[in-house]
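Each chain is listed here by its residues.
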Amino acid sequence: QVQLVESGGGLVQAGGSLRLSCAASGRTFSSYAMGWFRQAPGKEREFVAAIRWRGANTYYADSVRDRFTLSRDNAKNAVYLQMNSLKPEDTAVYYCAARRDEAGLYYFIQSDEYDYWGQGTQVTVSS
């Protein structure tokens, strides 16, 4: 069982930066692939970024590539989403997700591939 708690959301002007954190419980965090998704009002939840646990390779949605950076610290049971050059269209509730992956070789970009979710943190970007 893994519990996830996001933090770091807030209100920022366009062009600004925020760093989201996701703290995970559980002793085997290093065996979990992690992902971030977001959901804007009236829209479906969409993939943002994913990270493998082995090698910490990352994968991003086209809409955030080169602006967002996902990293993880297995010793601290945490993942971080650094968001730069924020745009009003980045406004959404951001969710952290986890799923066990013993091989550590895969990214997961579909929301139904994840087993555990945080409660979400609001990010609002003003124009």
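Residues numbered from 1 in each chain as written. Predicted model: local features only at pLDDT ≥ 70, side-chain atom pairs only at ≥ 80, totals over all residues. Heavy atoms only, no water.

Caption draft 1: Broad picture of the sheet that holds strand β1 (residues 4–7). The 4 strands are arranged β1-β3-β8-β7 in an open sheet whose pairing can be described as antiparallel. Only two strands of the sheet have a single neighbouring strand rather than two, namely β1 and β7 (68–73). Across this sheet, the average inter-strand angle for adjacent strands is 15°, counted without regard to direction. The sheet contact formed by strand β3 (residues 18–24) and strand β8 (residues 78–83) spans 6 bridges and is antiparallel. By the bridge assignment, C22 is partnered in β8 with V79. (Pairing = 2+ DSSP bridges. Helix = DSSP H or I, 4+ residues; strand = E, 2+ residues; numbered from the N terminus. Axes fitted to C-alpha atoms, helices over the stretch in contact; angles between N-to-C directions.)

Caption draft 2: Geometry of the side chain of R72. Structurally, R72 is set in strand β7. One polar contact links the side chain of R72 to the main-chain carbonyl oxygen of R52, over a distance of 3.4 Å. A polar contact is formed between the side chain of R72 and the side chain of N74, at a distance of 2.7 Å. If we ignore the near neighbours within four places in the chain, the residues touching R72 are F29, S30, Y32, A33, M34, I51, R52, W53, A56, A78 and V79. (Polar contact = N/O pair within 3.5 Å; in protein donor to acceptor, adjacent residues only side chain to side chain. Contact = heavy atoms within 4.5 Å.)

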